[in-house]
Amino acid sequence: MRILVQKFGGTSVATHQARLSAVEHVEDALAKEYSVVVVVSAMGRRGEPYATDTLLGVVDDSGSVAKRDLDILMSCGEAISAVVFASLLRSRGHEVTVLNGMQAGIRTTAQYGEARILEINPARLLDELNAGKVVVVMGFQGGTQDGDITTLGRGGSDTTATALGVALNAEYVDIFTDVEGIMTADPRIVSDARRLHHVTYTEICNLAYQGAKVIHPRAVEIAMQKNIPIRVRSTTSKGEGTLVTHAVTAMEVNALHDQFVTGVTQTPNVTQINLELGAASHQNVFSAMAEHEISVDFISIAPDRVAYTVPNKDAGRAVEILEQMGHSPRLVSDCAKVAAVGAGIAGVPGIMAKIVDALSQEGIQILQSADSHTTIWCLVRQHDMEGAVRALHRVFNLAN
């Protein structure tokens, strides 16, 4: 069989018209003689009646609800979505089977709310596909060996789709969203941002980790294990979207893109913490942050000092912890991280110089910087974030 996995996110199944557009994509695939597995998210977003966040709002948030019970509740949104989507397919003459995560063979850890997939047994999926049926799978969920329902955390439906794609050796995994594909920058910030025709797994992971929200990086990492191509497409158009495939060399990237930087993204609302450590240990600082479940990022370490960022919402708590340890932290509040991402960055001289020059010309101060094999980060003040994104998009000619 030629198998295609199609995942439709919350906005793609939120209304009858959106679901009709999604069904047309399923029918297009069937016309091309694919066997189709559909993965659906809960319908809509926060505030809409069947969205996951809305369901969570029904229960007391005082901590009296067990995590195991919350997973049962959170799985309901996808159940509703799958049944509604399947009924629409049947009304158009298609044979359909609806499966929850466990029925689809997804076995997970018992880490409720953030479960990890241990294995997938695709036997029932293959039986249903061999019978000529479209299989609609509830995304975001699986089950333990004991039969308890679990949810997969943020981006869980993306993870379901790519994991099933790997288990079924799918020809493609299509991720349908409300945008045309992966863009060179956020089009709400950069008016001439353009759709990327092709990116590597590494590039999209870095774009996603640095703030792009089109696909969850964990889902990409799963597809990358078996080189299953991903296509990020729009539900409302027939466009090809963005193809995500295996890593390529810097030379090949340059030939494909004719540029070293693929995209620019941003992470707002962070606070920079600066510490003079003296004889204190860096390890103690980060151990204390971890113990109190404060996520740290953008770490710069010198022998006698350290700088790192935390989300704005955690800054006050981080200061209290550090002061109890005898430190006197210096804060720069309301910052943003801006990142230039591209598989062609590695080993190329002058990239950082162009970034510094572009931001300097806009009067934007770089508070901190770092780089990796495929990404260069700059910390700027929140009010400079959009200007910094536009400046980097322009200097690397990403509109062309």
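As a reminder, the structure under discussion sits directly above these lines.
Because the structure is a prediction, the values reported are computed rather than measured.

Quick look at the pairing of strand β9 (residues 172–177)
So, point 1. Of all six residues in β9, five are buried; the element is thus mostly enclosed.
So, point 2. Where strand β1 (residues 3–8) meets β9, five bridges bridge the pair, whose relative direction is parallel. Considered in β9, the bridge of Lys7 is made with Ile175.
So, point 3. Judged from the five bridges that link them, β9 and strand β11 (residues 230–234) form a sheet pairing that is parallel. Note that in β11 the partner of Phe176 across the bridge is Arg233.

As for unusual backbone geometry
So, point 1. For Glu33, which is not glycine, the phi torsion reads 65° and is therefore positive.
So, point 2. Inspection of the secondary structure assignment puts Glu33 in the loop between α1 (16–31) and β2 (35–40).

Description of the pattern of salt bridges
So, point 1. All told, the structure shown has 19 salt bridges when counted by the stated rule.
So, point 2. Here Asp158 and Lys7 are joined by a salt bridge, their closest N and O atoms 2.9 Å apart. Of the two residues, Asp158 sits in helix α6 (residues 156–167) while Lys7 sits in strand β1, which places them 151 residues apart along the sequence.
So, point 3. The shortest N-O distance in the salt bridge between Asp186 and Arg188 comes to 2.9 Å.
So, point 4. With relative accessibility at 72%, the residue Arg188 sits in the exposed group.

Re the sheet that holds strand β6 (residues 134–138)
So, point 1. Judged by pairing direction, the sheet is mixed, and its eight strands sit side by side in the order β3-β6-β2-β1-β9-β11-β12-β10 without closing on themselves. If you trace the sheet from one side to the other, it starts and ends with β3 (96–99) and β10 (198–200), each paired once. Between one strand axis and the next, the sheet turns through 20° on average, direction left out of account.
So, point 2. Note: β2 against β6, four bridges, orientation parallel. Across the sheet, residue Val38 finds its bridge partner in β6, namely Val136.
So, point 3. Along the sheet, α1 contacts β1, β2, β6, β9 and β11; its crossing angle with β1, the most-contacted strand, is approximately 175°.
So, point 4. Packing against the sheet, helix α4 (residues 76–91) makes contact with β1, β2, β3 and β6, and its axis sits at approximately 165° to β6.

Looking at the packing of aromatic side chains
The geometry of an aromatic ring pair is captured by two quantities: the separation of the ring centres and the angle between the planes.
So, point 1. In this structure the tally under the stated criterion is three aromatic pairs.
So, point 2. Geometrically, the ring pair formed by Phe8 and Phe176 is stacked, given 4.7 Å between the ring centres and 15° between the ring planes. Residue Phe8 is found in strand β1, and its partner Phe176 is found in strand β9; the two are separated by 168 residues along the sequence. Each member of the pair Phe8 and Phe176 is classed as buried.
So, point 3. An aromatic cluster is present here, built from Phe8, Phe85 and Phe176 joined pairwise through their rings.
So, point 4. Lying over the aromatic face of Tyr34, Arg2 brings its terminal NZ or CZ to 4.1 Å of the ring centre.
So, point 5. Looking at Arg231, its charged tip hangs above the ring of Tyr172, at a distance of 3.9 Å from the centre.

Overview of the nonpolar core
So, point 1. Membership of the largest hydrophobic core comes to 44 residues, with the highest contact counts inside it found for Leu164 and Ile230.
So, point 2. Apart from the residues lying within four places of it in its own chain, the contact partners of Ile230 are Thr162, Val173, Ile175, Tyr201, Ile215, Val220, Ala223, Thr242, Leu243 and Val244.
So, point 3. With 25 residues, the next largest nonpolar core counts Ile364, Cys378, Met385 and Ala388 among its residues.

Definitions and limits used
Residues numbered from 1 in each chain as written. Predicted model: local features only at pLDDT ≥ 70, side-chain atom pairs only at ≥ 80, totals over all residues. Heavy atoms only, no water. Buried < 20%, exposed > 50% of the residue type's maximum accessible area, 1.4 Å probe, protein only. Helix = DSSP H or I, 4+ residues; strand = E, 2+ residues; numbered from the N terminus. Pairing = 2+ DSSP bridges. Salt bridge = Lys/Arg side-chain N within 4 Å of Asp/Glu carboxyl O. Axes fitted to C-alpha atoms, helices over the stretch in contact; angles between N-to-C directions. Contact = heavy atoms within 4.5 Å. Phe/Tyr/Trp six-rings, centres within 6.5 Å; stacked < 30°, edge-to-face > 60°. Lys NZ or Arg CZ within 6 Å of the ring centre and 35° of its normal. Core = buried A, V, L, I, M, F, W, Y, C linked by side-chain atoms within 4.5 Å.

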